[in-house]
Amino acid sequence: MSDNNMEQPANNEGAKYQLRTVDLNLLTVFDAVMQVQNITKASQLLGMSQPAVSNAVARLKVMFNDELFVRYGRGIQPTARACQLFGSVRQALQLIQNELPNTDFEPSLSERIFHLCVCSPLDNLLTSVIFNKVKSCAPHIQLLFKSSLNKDIEHQLRHQEMEFVISYDEFRRPEFNCVSLFKDEMVLVASSKHSQLSAPLTEEAIYKEQHAVVSLDRFASFSALWYQTPQRRACVAYQGMALTSVLNVVSQTQLVAIAPRWLADEFSESLHLNIFPLPLEDNMRTCYLSWHEATTRDKGHQWMGELLSSVCSN
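For every chain, the first residue of the written sequence is number 1, and numbering continues from 1 along that sequence. Where totals are concerned, whole chains, interfaces and linings use all residues; where local detail is concerned, this predicted model gives features only for residues with pLDDT of at least 70, and gives and counts side-chain atom pairs only at 80 or more. Only heavy atoms go into the side-chain values, all of them from the structure, while hydrogens and water stay out.

K.L.:
Would you take a moment to explain the overall build of the protein for this structure?
P.N.:
Helical segments are the DSSP runs of H or I of at least four residues, strand segments are the runs of E of at least two, and each set is numbered from the N terminus. Helices and strands together make up the secondary structure of the protein, namely 12 helices and 11 strands. For this measure, only C-alpha atoms enter the radius of gyration; the expected value for a globule follows 2.2 Å times N^0.38, where N is the number of residues. Compactness check: the protein gives a C-alpha radius of gyration of 25 Å against a globular reference of 20 Å for 314 residues, more than 25% above the reference. With the C-alpha coordinates aligned to their principal axes, the bounding extent of the protein is approximately 85 × 55 × 40 Å. Relative accessibility decides the category of a residue: with a 1.4 Å probe and only protein chains considered, values under 20% of the type maximum give buried, values over 50% give exposed, and everything between is partly exposed. When burial is assessed residue by residue, the protein has 42% of its 314 residues classed as buried. Between two residues, a contact is recorded if the distance between any of their heavy atoms is within 4.5 Å. Across the protein, every contact between residues at least 6 apart in sequence was considered, and the portion connecting residues at least 24 apart equals 71%. Computed with a 1.4 Å probe, the accessible areas rest on the Shrake-Rupley method; for each residue, only the protein chains presented here act as cover. A total accessible area of about 17100 Å² is found for the protein, and carbon and sulfur atoms account for 49% of it. Charged side chains in the protein number 27 positive and 33 negative. The centres of these two groups are separated by 4 Å. Residues counted as positive are Lys and Arg, residues counted as negative are Asp and Glu, and His and the chain ends are not counted. A single reference atom marks each charge: NZ on Lys, CZ on Arg, CG on Asp, CD on Glu.

K.L.:
What is the right way to read the packing of helix 10 (residues 243-251) against helix 11 (residues 261-271) from this model?
P.N.:
Two quantities define a packed helix pair, namely the angle between the helix axes and the distance between the axes. Structural elements are reduced to axes, namely lines fitted to C-alpha atoms, with helices fitted over the stretch in contact, and the angle between N-to-C directions of any two is expressed from 0 to 180 degrees. The geometry of helix 10 relative to helix 11 is characterised by a closest axis approach of 11 Å and an angle of 40° between their N-to-C directions. Here helix 10 is positioned oblique relative to helix 11, judged by the angle of their axes. Regarding helix 10 and helix 11, the two cross each other, and that crossing is right-handed. Contacts from Leu243, Thr244, Leu247, Asn248 and Ser251 in helix 10 reach Leu263, Phe267 and Leu271 in helix 11. We call Asp, Glu, Lys and Arg charged. Ala, Val, Leu, Ile, Met, Phe, Trp, Tyr, Cys and Pro are nonpolar, and the rest, Gly among them, are polar. For the contact of helix 10 with helix 11, the per-class residue count stands at five nonpolar, three polar and no charged. Roughly parallel here means an angle under 35 degrees, roughly antiparallel means over 145, roughly perpendicular means 65 to 115, and every remaining angle is called oblique. Note on convention: near helix rotated counterclockwise from far helix by under a right angle means a left-handed crossing. Clockwise means right-handed.

Set out below in structure tokens:
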């Protein structure tokens, strides 16, 4: 018992000595390279020379005993170990940054990169609005957009590989923050040449038609809500990857589709579409802005969250 107690301080001192030998500035290089996955772009982001960044990456590989990055096309690709480290390193750097005095986030000067997922079909409505608003008040901030969720989205939010999600899906776990932005009316859309549809429609009449949908196999498919039983899925005749392609198919066939009214209105004239009220219980959907609670003390994240809430709510 006494031997173990004598050994413990020595082990702790060894760990402290190992951390003291680490150049913690290397972690800021790691964070930048992970964000842009290109040595040249990372050097520009950091205000360092390209050889200095390359040298730092070489030292990082030794520090973590892993390749961390491998060449991929004109850039580089992180290894599994690098991806595992990224979230923890970003959170640690941001916590330190937030505790330093006089470190207010200044949008007009910031060169930060934000990763946003604006899920289809909301990307048609919001991506350009967000992009233009950010550029008008923070011209050096870089926005990287995605338009689809995948099964790893909670992991990506937790480790800040993705910082915000705007979608019709609500994240219900306590560790996620989720605010309502607005509600969308859903409608039924058909070609103006469709010979059998006329208002008012009934639920029974709708599911007697053949439907075009966003692929039901896609994670968080927009259309899945209305086709959750075998009977309803039996009416699906076409599955596309995006709602805009679904509407294009509808315009040239006798198929029908469910879509947000704003999207149907946008394409009704050019595609010669008729729009009908949707006589279903789920005829309204809420758009949510979601992020992980670990980012709530990050001043830059707070600024972006407030901007997104303001822009999208309007």
